[in-house]
Amino acid sequence: MKKLIYVFLFLFVGVWAWSVQGQEKIIAIDNFKSKYVAPRKIEIFLPREYEKNRSRKFPVLYMHDGQNVFNASSAYGGVAWEADETARKMFKNVDVLPFIIVAIWNTEARFHEYFPEKALKLMTPEDRDAMEAQRIARGAVESPFLGDNYLKFIVNELKPYIDENYRTEDDRDNTAICGSSMGGLISIYALCEYPKVFGKAACLSTHWPILFNNDNMNPSEAVRKYLTEKLPKAGDHKIYFDYGTKTLDQFYEVHQMKVDEIMKFKKYKKDKDWVTKKYEGAEHNEKSWQERLPVVFKFLFIK
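Residues numbered from 1 in each chain as written. Predicted model: local features only at pLDDT ≥ 70, side-chain atom pairs only at ≥ 80, totals over all residues. Heavy atoms only, no water.

(A) Quick peek at the overall build of the protein chain. Secondary structure assignment for the protein chain yields 9 helices and 10 strands. Expected size for 303 residues packed as a compact globule is a radius of gyration near 19 Å; at 19 Å, the protein chain falls within 12% of this value. In terms of its C-alpha atoms, the protein chain occupies a principal-axis envelope of roughly 55 × 40 × 35 Å. For the protein chain, buried positions account for 56% of its 303 residues. Pairs at least 24 residues apart make up 72% of the contacts formed inside the protein chain by residues separated by at least 6 positions. For the protein chain, the accessible area works out to roughly 13200 Å², and carbon and sulfur atoms hold 50% of it. With 46 positive and 42 negative side-chain charges, the protein chain shows a spacing of 5 Å between the two charge centroids. (Helix = DSSP H or I, 4+ residues; strand = E, 2+ residues; numbered from the N terminus. Rg over C-alpha atoms; globule rule 2.2 N^0.38 Å. Buried < 20%, exposed > 50% of the residue type's maximum accessible area, 1.4 Å probe, protein only. Contact = heavy atoms within 4.5 Å. Areas by Shrake-Rupley, 256 points an atom, 1.4 Å probe, with all protein chains shown as cover. Lys, Arg positive; Asp, Glu negative; His and termini not counted. Charge placed at Lys NZ, Arg CZ, Asp CG, Glu CD.)

(B) Broad picture of the packing of helix 7 (residues 218-230) against helix 8 (residues 253-265). Across the interface, helix 7 lies against helix 8 with an axial gap of 10 Å and an inter-helix angle of 15°. As far as their axial angle goes, helix 8 and helix 7 are roughly parallel. Handedness of the crossing formed by helix 7 with helix 8: right-handed. Note on element contacts: helix 8 touches helix 7 through H255, K258, V259, I262 and F265, opposite S220, R224, L227 and T228. (Axes fitted to C-alpha atoms, helices over the stretch in contact; angles between N-to-C directions. Parallel < 35°, antiparallel > 145°, perpendicular 65-115°, else oblique. Left-handed = near helix turned anticlockwise from the far one by under 90°.)

(C) View of the confidence of the model for the protein chain. Residues of the protein chain with pLDDT of at least 70 account for 93%, and the chain-wide mean is 91. Taken as a whole, residues 1-13 scores under 50 in pLDDT and shows 33 contacts with residues more than four places along the chain or in a different chain. A low-confidence stretch, residues 18-22 (pLDDT under 50), is modelled with 16 contacts involving residues beyond four sequence positions or located in other chains. (pLDDT = per-residue confidence, 0-100.)

(D) Representation of the state of the cysteines. Under the definition given, this model contains 0 disulfides. With no disulfide of its own, C192 lies closest to C203 among cysteine sulfurs, the gap being 9.1 Å. You can call C192 buried: its relative accessible area is 6%. No disulfide involves C203; its sulfur sits 7.8 Å from that of C178, the nearest cysteine. (Disulfide = S-S within 2.5 Å.)

(E) Looking closely at the side chain of T107. Following the sequence through the fold, T107 ends up in the loop between strand 6 (100-104) and helix 3 (110-114). What makes T107 buried here is its relative accessible area of 19%.

(F) Region of interest: helix 5 (residues 147-165). Across its 19 residues, helix 5 extends 26 Å between first and last C-alpha, which sits within 8% of the 27 Å expected from 1.5 Å per residue. Considering bend angle alone, the principal kink of helix 5 is centred on L158 and spans about 35°; proline P160 follows within four residues of it. All buried positions along helix 5 are accounted for by G147, D148, Y150, L151, F153, I154, V155, E157, L158, K159, Y161 and I162. (Expected span 1.5 Å × (residues − 1). Bend = angle between axes of the 7 residues up to and from the residue.)

(G) Focus on the packing of aromatic side chains. Applying the stated rule across the entire model yields 16 aromatic pairs. Look at F32 and F153: their rings are 6.1 Å apart centre to centre, the planes differ by 65°, and that puts the pair in the edge-to-face class. Of this pair, F32 sits in strand 3 (residues 24-32) while F153 sits in helix 5; the two residues are 121 residues apart in sequence, bridging distant segments of the chain. Overall, the relative accessible area of 8% leaves F32 in the buried class. For the pair Y114 and Y150, a centre-to-centre distance of 5.4 Å together with 50° between the ring planes defines the contact as tilted. Of this pair, Y114 sits in helix 3 while Y150 sits in helix 5, placing them 36 residues apart in sequence. Y150 shares its class with Y114; the two are buried. (Phe/Tyr/Trp six-rings, centres within 6.5 Å; stacked < 30°, edge-to-face > 60°.)

(H) The arrangement of the environment of E169 in detail. Mapped onto the fold, E169 is located in the loop between helix 5 and strand 7 (175-180). Owing to a relative accessible area of 32%, E169 belongs among the partly exposed residues under this scheme. Through-space distance from the C-alpha of E169 to that of T124 is 42 Å; in sequence the pair is 45 residues apart. Discounting residues that sit within four places of it in the chain, E169 has contacts with K57, F58, P59, N174 and T175.

Structural data, given as structure tokens:
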């Protein structure tokens, strides 16, 4: 469905563009370099409206775990979010304003790049050791924590590149960030750390437990303490949360309820500038997140 239409070199990174039914484009940068984190692939979805109106500017959605965003061939488990397909249908039905999607591929250091780094200071040494033990047991690579550097990469390198090379609405109100599981954690962290850059965050099946069950709630409590301190004032941002009830998501509700209390404490208005949705029977996987994506897009970019 997605055919290669041209190949060229851009400075020191390879860039490819695909056409979708002669309408949209997905441009791939194979090796986007950074002074903060390891180089990685970036894919940029341009809606058909981008080519139809050369004077128009567009909002931008930055999405983590980029290999899962568009293509089943690169996605975990062979199932992608199909974000381009969903966006196309919603643009056609005039459900949402057309927007650009920037898919940021992850690396072997995914856990360390997506963890809210400043929450570490709110943990006891014992809790941090417990978190590290769980991480190692699950085969994560050795790495320093890189959440702050990962956000510097997005804010100081990737976003300026996108804004310089594409017609974007580059202000806070038109810049959103989205991810699932650990990607949900880094998305809300991005909004807290850079409230003047990101006006919207979508956090699907946010991995609040940090560990992989609810036997030890202390690491997650550190993240909530961070949110209580750093969540920006209500009124200038939109935040989406959700969770399922099966597989890993079965552990999330108790955490999300505590986060919802933080949202209320911070004076966020439910169903206006903040929403939390529960999906009965939904599992912790790309198929579930693909199915919820229309709700996410509508919340972030409704006309």
